[in-house]
Amino acid sequence: MSFIYRIWIGLVILIVSMSIAISFGTADIPLSLSWGIILNQISPEIFSRANLAMEWSNGQQNIIWQIRAPRIILGALVGAGLAVTGCVLQTATRNPLADPHLMGVSSGAAFGAIVAIMHVGLIFGSITIPVFAFCGALVSIFMVIIVTKKTGFYDPNKLILSGVAVSFVIMSAANLLIFLGDHRAAHNVLFWMLGGLGLAQWRELIYPLTIFIVCFTWFTLNSRKINALMAGEEIAATLGINITKFRLKIFICTALLTSVMVAFSGAIGFVGLMIPHILRMFIGADNRQLIVFSAIYGAIFLVVVDIFARKLLSPQELPIGIITGLIGGMFFIWMMSRKNN
């Protein structure tokens, strides 16, 4: 099966998943009405020229267009961003367990978001939280690198252990900030601690969309170099790659992508661990393809998980990070047991 053909299959599955997700919720709305509302919002001339009646209420229109549509798009962007980040980190560190959550990047981004929410305020407007989240993610990943280098040599396994240790330290600091902050605002922070898509708004989608496009494009253009890192440092060096600089660029780019996604969705874990690992079983380890498919199926995964998050305890919404944590934890255990067999 050709690469392009597989991409089209993935995109069709993504569109179907998003269509189902936009119809499901506390108030289920028929798929035909949902698409009618979306088409009418995108191009009202379609209905006026065809003399079609608008068979939905204002309430249904607000639910679909103002609440669910931006939520589903954000979910797809976050899933794609986290999966691509995990894919690249696993290759750059040569460790299949690498993940923005386990590497401490998500914790650092959440810490930065908490600083902005509870202690600084929106001093830069709506971009404040992404900026602080990015700074927190950068600090976190550099802490992981420093801790790893204290051993005197680079070890992929120790990198993950350092990431887990740094993640615990940063989350302890984040909990301290919550304790010392305004307790009336503490409930807002739970969004970042547990993960969710409920705060998605049209006017803010431009930030995760832009950062995803920039980072995804850079990863794709450098996929051959990323493949060289997977082959080993000696081979990468013989190809003229400055390993230290290139790996640093990868860490900065993954920190940027993760932090922006965390700023708008909270700390959603294990997406970057599961999706690339599963895809390698079916399409191989070539990052020229793996990065693209990680984006597509990461988006599908989080959109589907969001459906369950909204339906399992309906009308109450279950934080999406709880579901991904449960699935990811079981997947992590399966990976470890499979590795030992």
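One structure accompanies this document, and this report is about it. Everything numeric in this text was worked out from a predicted model, so none of it was measured.

**A word on the overall build of the chain**
Turning to step 1, where the next piece is worked out: Within the chain one finds 15 helices and zero strands.
Turning to step 2, where the next piece is worked out: At 21 Å, the chain has a C-alpha radius of gyration in line with the 20 Å of a compact globule built from 341 residues.
Turning to step 3, where the next piece is worked out: Sorting the 341 residues of the chain into buried and exposed places 51% on the buried side.
Turning to step 4, where the next piece is worked out: Long-range contacts, defined as pairs at least 24 residues apart, comprise 76% of the intrachain contacts of the chain with a sequence gap of at least 6.
Turning to step 5, where the next piece is worked out: Here the chain has roughly 16,000 Å² of accessible surface; of this, 69% comes from carbon and sulfur atoms.
Turning to step 6, where the next piece is worked out: Separation of charge centres in the chain, based on 21 positive and 12 negative side chains, amounts to 9 Å.

**Describing helix 9 (residues 206-221)**
Turning to step 1, where the next piece is worked out: Taking 1.5 Å as the rise per residue, helix 9 with 16 residues should run 22 Å; its terminal C-alpha atoms sit 22 Å apart, in good agreement.
Turning to step 2, where the next piece is worked out: By the burial criterion, the buried members of helix 9 are Pro208, Ile211, Phe212, Cys215 and Phe219. Mapping the buried residues of helix 9 onto a view down its axis gives an arc of 105 degrees, with all of them on the same face.
Turning to step 3, where the next piece is worked out: The inward-facing, buried residues of helix 9 abut helix 4 (58-92), helix 10 (223-231), helix 12 (243-265) and helix 14 (287-311).

**Considering the nonpolar core**
Turning to step 1, where the next piece is worked out: Counting residues in hydrophobic clusters, the biggest one holds 97 residues, and the most contacted among them are Phe212, Phe219 and Val271.
Turning to step 2, where the next piece is worked out: In terms of residue count, helix 14 provides more of this core than any other element does, 14 residues in total.

**Let's talk about the environment of Lys158**
Turning to step 1, where the next piece is worked out: Tracing the sequence through the fold places Lys158 in helix 7 (residues 156-180).
Turning to step 2, where the next piece is worked out: Owing to a relative accessible area of 31%, Lys158 belongs among the partly exposed residues under this scheme.
Turning to step 3, where the next piece is worked out: Taking the C-alpha atoms as reference, Lys158 lies 26 Å from Gly298; in sequence the two are 140 residues apart.

**Section: the state of the cysteines**
Turning to step 1, where the next piece is worked out: Enumeration according to the criterion identifies zero disulfides in this entry.
Turning to step 2, where the next piece is worked out: With no disulfide partner, Cys253 has as its closest neighbouring cysteine sulfur the one in Cys215, 3.5 Å distant.
Turning to step 3, where the next piece is worked out: Of the residues examined, Cys253 reaches a relative accessible area of 11% and is grouped as buried.

**A short note on helix 14**
Turning to step 1, where the next piece is worked out: The end-to-end C-alpha distance of helix 14, which contains 25 residues, comes to 35 Å, matching closely the 36 Å that a straight helix rising 1.5 Å per residue would cover.
Turning to step 2, where the next piece is worked out: Taking burial as the measure, the 25 residues of helix 14 include 19 buried ones, the bulk of the element.

**Brief notes about the packing of helix 10 against helix 12**
Turning to step 1, where the next piece is worked out: One can describe the packing of helix 10 onto helix 12 by two numbers: an axis separation of 12 Å at closest approach and a directional angle of 115 degrees. Crossing hand, helix 10 versus helix 12: left-handed. Touching Lys225, Ile226 and Leu229 of helix 10 are Ile243, Phe246, Arg247 and Ile250, all from helix 12.

**Topic: the pattern of salt bridges**
Turning to step 1, where the next piece is worked out: Under the defined criterion, the tally for this structure stands at five salt bridges.
Turning to step 2, where the next piece is worked out: Arg288 serves as the salt-bridge partner of Asp286, at 2.8 Å between the closest nitrogen and oxygen.
Turning to step 3, where the next piece is worked out: Here the salt bridges share partners, and the residues they tie into one network are Arg71, Asp306, Arg310 and Glu317.

**Some points on a nonpolar patch on the surface**
Turning to step 1, where the next piece is worked out: On the surface, Val120, Ile123, Phe124, Ile127 and Val131 cluster together to form a nonpolar patch covering roughly 400 Å² of accessible area.
Turning to step 2, where the next piece is worked out: Residue placement: Phe124 occurs in the loop between helix 5 (105-120) and helix 6 (128-149).

**Points about the packing of aromatic side chains**
Turning to step 1, where the next piece is worked out: Within this structure, the stated rule accounts for seven aromatic pairs.
Turning to step 2, where the next piece is worked out: Ring plane angle 15 degrees and centroid distance 6.1 Å describe the contact between Tyr207 and Phe264, whose orientation is recorded as stacked. One end of the pair, Tyr207, is in helix 9; the other, Phe264, is in helix 12, and 57 residues separate them in sequence.
Turning to step 3, where the next piece is worked out: Centroid distance Phe212 to Phe216: 5.4 Å. Interplanar angle 20 degrees. Geometry classified as stacked. Of this pair, Phe212 and Phe216 both sit in helix 9, four residues apart, which is roughly one turn of that helix.
Turning to step 4, where the next piece is worked out: Among the aromatic residues, those joined into a cluster by ring pairs are Trp218, Phe219 and Phe246.
Turning to step 5, where the next piece is worked out: Positioned above the aromatic ring of Phe24 is the side chain of Lys311, whose terminal nitrogen or guanidinium carbon lies 5.6 Å from the ring centre.

**As for the side chain of His277**
Turning to step 1, where the next piece is worked out: Along the polypeptide, His277 turns up in helix 13 (residues 271-283).
Turning to step 2, where the next piece is worked out: In this structure, His277 is in contact with Gln90, Pro96, Phe331, Trp334, Met335 and Arg338, ignoring residues within four places of it in sequence.

**Re unusual backbone geometry**
Turning to step 1, where the next piece is worked out: Positive phi values are uncommon outside glycine, yet Arg94 reaches one of about 55 degrees.
Turning to step 2, where the next piece is worked out: Tracing the backbone through its elements, the reader meets Arg94 in the loop between helix 4 and helix 5.
Turning to step 3, where the next piece is worked out: The phi dihedral of Phe270 is positive, around 75 degrees, even though this residue is not glycine.
Turning to step 4, where the next piece is worked out: Its place among the elements puts Phe270 in the loop between helix 12 and helix 13.
Turning to step 5, where the next piece is worked out: On the basis of relative accessibility, which here comes to 14%, the residue Phe270 falls in the buried class.

**A closer look at the packing of helix 10 against helix 14**
Pairs of packed helices are described in terms of their axes, by the angle between the two and the distance that separates them.
Turning to step 1, where the next piece is worked out: Put simply, helix 10 and helix 14 touch, their axes get as near as 8 Å, and they point 110 degrees apart. The orientation of helix 10 relative to helix 14 falls into the category roughly perpendicular. Residue-level inspection shows Ser223, Arg224, Ile226, Asn227 and Met230 of helix 10 in contact with helix 14, the latter providing Asn287, Arg288 and Ile291.
Turning to step 2, where the next piece is worked out: Residue classes in the contact of helix 10 with helix 14 are distributed as three nonpolar, three polar and two charged.

Quick notes on the rules
- Residues numbered from 1 in each chain as written.
- Predicted model: local features only at pLDDT ≥ 70, side-chain atom pairs only at ≥ 80, totals over all residues.
- Heavy atoms only, no water.
- Helix = DSSP H or I, 4+ residues; strand = E, 2+ residues; numbered from the N terminus.
- Rg over C-alpha atoms; globule rule 2.2 N^0.38 Å.
- Buried < 20%, exposed > 50% of the residue type's maximum accessible area, 1.4 Å probe, protein only.
- Contact = heavy atoms within 4.5 Å.
- Areas by Shrake-Rupley, 256 points an atom, 1.4 Å probe, with all protein chains shown as cover.
- Lys, Arg positive; Asp, Glu negative; His and termini not counted.
- Charge placed at Lys NZ, Arg CZ, Asp CG, Glu CD.
- Expected span 1.5 Å × (residues − 1).
- Arc of directions from axis to C-beta.
- Core = buried A, V, L, I, M, F, W, Y, C linked by side-chain atoms within 4.5 Å.
- Disulfide = S-S within 2.5 Å.
- Axes fitted to C-alpha atoms, helices over the stretch in contact; angles between N-to-C directions.
- Left-handed = near helix turned anticlockwise from the far one by under 90°.
- Salt bridge = Lys/Arg side-chain N within 4 Å of Asp/Glu carboxyl O.
- Patch = residues over 30% accessible without salt bridge, like charges linked within 9 Å, V, L, I, M, F, W, Y side chains within 5 Å.
- Phe/Tyr/Trp six-rings, centres within 6.5 Å; stacked < 30°, edge-to-face > 60°.
- Lys NZ or Arg CZ within 6 Å of the ring centre and 35° of its normal.
- Parallel < 35°, antiparallel > 145°, perpendicular 65-115°, else oblique.
- Nonpolar A, V, L, I, M, F, W, Y, C, P; charged D, E, K, R; others polar.

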